[in-house]
Amino acid sequence: VSDRVRLLLSWGASFFPGDGSSREFCICEARTCGITQLASLLESELGGRRCEIFNLSSQPELNGKTCVADEYLPGSNQYRVTLETKSKEALILDPENLRRRDRTPQDCGYYIGFRNGRTIRHDFDSNEDCQVFVSALERGEARPVVTEEAEARAEQAAAELLAELGLDGSQVESSSSFKNKKSKKKGRKKKKKK
């Protein structure tokens, strides 16, 4: 199932009655096009939707956490879900322990930023952390999760690694001296006789 469809569902995309946009029409089109995984996802009540876990007695620490219902398992009437935490832990849960909680700008679960021509996704350990971050952004108080100094250090380390591996087009003494030491130890390779 495409990332776009999953994104739309997790943000609460709705179906509208009528030709071409009803739930039934979309399921039928998916089946006709051979996209059975999408059809199964759309047929289930919570498939692809962002949900909140509640009344989970076996793991009460997960109550209040959000997840995305990635797949409906009809044989057991359960959902395979992925927690919206940095760990992205996958679980199998009953529908009785899930309630739909669509994303909103104030409760988005993650934050996408653009910096230096790159897309940066910020995941949070809890919904509260995300909401605090978004509130601070709205007040103009949020500081970037990645400082410019840390980003510069990361860029420098990446450039040095690429140079050492010879992937940046320039020769670096450490990489060439490493290659020379390696070839001296092994000597020449013998040609295979045919």
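Predicted model only: the values in this text are computed from it and were never measured. (Residues numbered from 1 in each chain as written. Predicted model: local features only at pLDDT ≥ 70, side-chain atom pairs only at ≥ 80, totals over all residues. Heavy atoms only, no water.)

## Topic: the nonpolar core
Note that soluble globular proteins tend to have their nonpolar side chains buried in a common cluster. This is how the line gets drawn: To form a nonpolar core, buried Ala, Val, Leu, Ile, Met, Phe, Trp, Tyr and Cys residues must be joined to one another through side-chain atoms within 4.5 Å. The buried label applies to any residue whose accessible area, calculated with a 1.4 Å probe on protein chains only, is under 20% of its type's maximum; exposed applies above 50%, and partly exposed to all values in between. Secondary structure counts use DSSP, requiring at least four H or I residues in a row for a helix and at least two E residues in a row for a strand, with both numbered from the N terminus. Two residues qualify as a contact provided that any one of their heavy atoms is within 4.5 Å of a heavy atom in the partner residue.
The biggest cluster of nonpolar side chains holds 13 residues, and the ones touching the most others in it are Ile 53, Cys 67, Val 81, Leu 93 and Leu 98. The set of elements that each furnish at least two residues to this core consists of strand 1 (50-53), strand 2 (66-73), strand 3 (78-83) and strand 4 (90-93). The element best represented in this core is strand 3, accounting for three residues. Setting aside chain neighbours within four positions, we find Leu 93 in contact with Ile 53, Leu 56, Gln 78, Tyr 79, Val 81 and Leu 98.

## Quick notes on the confidence of the model for the protein chain
Low-pLDDT portions of the prediction should not be read for the details of their coordinates. The condition is simple: Per-residue confidence from the predictor is given as pLDDT, running between 0 and 100.
Per-residue confidence for the protein chain averages 77 on the pLDDT scale, and 75% of its residues sit at or above 70. Low pLDDT, under 50, characterises residues 170-187; the stretch is placed with seven contacts to residues that sit more than four places away or in other chains.

## Brief notes about the pairing of strand 4
As a reminder, the rule being used: A strand pair is defined by DSSP finding two or more bridges across the two strands.
Of the two faces of strand 4, only the one carrying Leu 91 and Leu 93 is buried; Ala 90 and Ile 92 on the other face are not. Two elements, strand 3 and strand 4, share four bridges in a ladder whose sense is antiparallel. Looking across to strand 4, one finds that Tyr 79 is bridged to Leu 93. Once strand 3 ends, the chain turns through six residues before running back antiparallel as strand 4, passing Lys 88 with a positive phi of about 55 degrees.

## Some remarks on the side chain of Glu 52
Operational definition: Throughout this description, a polar contact denotes any pair of N or O atoms lying within 3.5 Å of each other; where both atoms belong to protein, one of them has to be capable of donating a hydrogen while the other can accept it, and for residues adjacent in sequence the pair is counted only when both atoms sit in side chains.
Checked against the element boundaries, Glu 52 lands in strand 1. Here the side chain of Glu 52 touches Arg 101 through a polar contact of 3.3 Å, side chain to side chain. Non-local contacts of Glu 52, meaning those with residues more than four positions away in its chain, are made with Gly 64, Lys 65, Thr 66, Asn 97, Leu 98, Arg 99 and Arg 101.

## So, the sheet that holds strand 2
Quick reminder of the rule: Axes, fitted as lines to C-alpha atoms, cover a helix only where it is in contact. Angles between the N-to-C directions of the axes lie from 0 to 180 degrees.
Pairing is antiparallel across the open sheet formed by five strands, whose spatial order is 4-3-2-1-5. At either margin of the open sheet sits one strand with a lone partner, and together these are strand 4 and strand 5 (98-100). Strand-to-strand twist of the sheet, defined as the mean angle between neighbouring strand axes without regard to direction, takes the value 45 degrees. Note that strand 1 and strand 5 share three bridges and pair antiparallel. If you follow Ile 53 over to strand 5, its bridge partner there is Leu 98.

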